Amino acid sequence: QVQLVESGGGLVQVGGSLRLSCAASGSIFSINTMAWYRQAPGKQRELVAVITSSGDNTNYADSVKGRFTISGDNAKNTVYLQMNSLKPEDTAVYFCSAQHRSGITYWGKGTLVTVSS
């Protein structure tokens, strides 16, 4: 079992920045990758960024490349998503996920990011 708790969402103006955090607990040593997804109203959930447990490899959706950075702090069991140059289309609920070696994907409850123009 892995528990994930997101924080850091909120209201920000266009061009602003936010940093999301995802604190993991439980069987964290069996996690292969962690990722951030987002879901805007009326749209499907989409992958934003992913990072391996070692932190060696990251990948981003084209829509956020150059603006968002995913990183991890193994000492704090936390993954971050630094979001810069935010746009109205970044407005969504952001979810943290953990891919366990068993094949199970665990999810947090999400944190809302609203970018106002």
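Structure first, text after, so check above.
First things first, this report covers the structure right here in the doc. Note that the coordinates shown come from a computational prediction; the quantities given were computed from them, not determined experimentally. (Residues numbered from 1 in each chain as written. Predicted model: local features only at pLDDT ≥ 70, side-chain atom pairs only at ≥ 80, totals over all residues. Heavy atoms only, no water.)

### Quick notes on the pattern of salt bridges
Worth spelling out the cut-off: Any carboxyl oxygen of Asp or Glu within 4 Å of a side-chain nitrogen of Lys or Arg constitutes a salt bridge here. Partly exposed residues are those whose accessible area sits between 20% and 50% of the maximum for their type, while under 20% is buried and over 50% is exposed, using a 1.4 Å probe and protein chains only. Under the scheme used here, helices are H or I runs from DSSP no shorter than 4 residues and strands are E runs no shorter than 2 residues, and both carry numbers assigned from the N terminus.
Summed over all chains, the structure comprises 4 salt bridges. Where Glu46 meets Arg38, a salt bridge forms, and the shortest distance between an N and an O atom there is 2.7 Å. Given a relative accessible area of 6%, Arg38 falls into the buried group. A salt bridge links Arg67 to Asp90, with the shortest nitrogen-to-oxygen separation between them at 2.7 Å. Placement of the pair is Arg67 in the loop between strand S6 (58-60) and strand S7 (68-73) and Asp90 in the loop between strand S8 (78-83) and strand S9 (92-100), with a sequence separation of 23 residues. Take Arg67 and Asp90: they sit in the same class, and that class is buried.

### Quick look at the side chain of Ser21
Take Ser21: it is sitting in strand S3 (residues 18-26). Its relative accessible area of 15% is what places Ser21 among the buried residues.

### Brief notes about the nonpolar core
Generally speaking, soluble globular proteins have nonpolar side chains that are buried together. For the record, the criterion: What is meant by a nonpolar core is a set of buried Ala, Val, Leu, Ile, Met, Phe, Trp, Tyr and Cys residues, joined one to another through side-chain atoms within 4.5 Å.
Grouped together as the largest cluster of nonpolar side chains are 31 residues, with contacts concentrated most on Leu4, Met34, Trp36, Leu81, Met83 and Tyr94. Within the residue set of this core, elements represented by two or more residues are strand S1 (2-7), S3, strand S4 (31-39), strand S5 (46-52), S7, S8, S9 and strand S11 (111-116).

### Let's talk about the sheet that holds S3
Here is the rule we go by: Paired strands, in this sense, are two strands between which DSSP finds at least two bridges. Axes here mean lines fitted to C-alpha atoms, for a helix over just the part in contact, with angles spanning 0 to 180 degrees between N-to-C directions.
Spatial strand order, S1-S3-S8-S7: 4 strands in an open sheet with antiparallel pairing. Two strands lie at the open edges of the sheet, namely S1 and S7, each paired on one side alone. Neighbouring strand axes in the sheet, compared pairwise and without regard to direction, differ in orientation by 15° on average. Relative to S8, S7 is paired through 6 bridges, and the arrangement is antiparallel. Its bridge partner lying in S8, Ser71 is registered against Tyr80.

### Section: unusual backbone geometry
Although it is not a glycine, Asn77 adopts a positive phi angle of roughly 55°. Take Asn77: it is sitting in the loop between S7 and S8.

### Considering the side chain of Thr78
Filter applied, for reference: Under the rule applied, a polar contact is a pair of N or O atoms within 3.5 Å (in protein, one hydrogen donor and one hydrogen acceptor; residues adjacent in sequence only if both atoms are side-chain atoms). The contact definition used throughout considers only heavy atoms, calling two residues in contact when any of these lie within 4.5 Å.
Residue position: Thr78 is located in strand S8. With relative accessibility at 10%, the residue Thr78 sits in the buried group. Of the polar contacts made by the side chain of Thr78, one reaches the backbone oxygen of Lys76; its length is 2.9 Å. Each residue touching Thr78, except ones within four places of it in the same chain, is listed here: Ser21, Cys22, Ala23, Ser71, Gly72 and Asp73.

### Thoughts on the environment of Gly55
Looking at the element boundaries, Gly55 is found in the loop between S5 and S6. We classify Gly55 as partly exposed; its relative accessible area is 38%. The sequence separation of Gly55 and Ser116 amounts to 61 residues, and the corresponding C-alpha distance is 32 Å.

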